[in-house]
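Results of the structural survey
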Amino acid sequence: MTTKNNQSIEERAAAQSAMAVQNKINLQALPVRSYLDQTVVPLLLQGMAVLVKERPDNPVEYLAAYLLQNNPQRDSSADGGNEEEEEEQEEE
């Protein structure tokens, strides 16, 4: 049974990997508007909605930080996902 479970997990991982490659290829073929609508606009609209509610002193910096923190493509498991914050602290 463990062999079947391992095989099933491997099959799902392979299928997910294949879908990711296919999605990337599909994104490259999209017209500009469709590409933006599928990749950037949803997160940008969420960030702008939060921005309007919060009304920070520096809205551009606030929105940039929001986008970086909520990026669905960021791999936060690799190093804790704090590269940007660590770089900003080093610069100061």
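For the structure itself, consult the block above.
All values reported here derive from a predicted model rather than from experimental measurement. (Residues numbered from 1 in each chain as written. Predicted model: local features only at pLDDT ≥ 70, side-chain atom pairs only at ≥ 80, totals over all residues. Heavy atoms only, no water.)

Considering the overall build of the protein chain
Helix and strand counts for the protein chain stand at five helices and zero strands. Tracing the protein chain from N to C terminus, the helices and strands come up as α-α-α-α-α. Out of the 92 residues belonging to the protein chain, those deemed buried represent 7%. (Helix = DSSP H or I, 4+ residues; strand = E, 2+ residues; numbered from the N terminus. Buried < 20%, exposed > 50% of the residue type's maximum accessible area, 1.4 Å probe, protein only.)

What about unusual backbone geometry?
A positive phi angle, near 50 degrees, is found at arginine 55, a position not held by glycine. Within the secondary structure layout, arginine 55 lies in the loop between α3 (41-54) and α4 (59-69). On the basis of relative accessible area, arginine 55 is assigned to the exposed category, the value being 64%.

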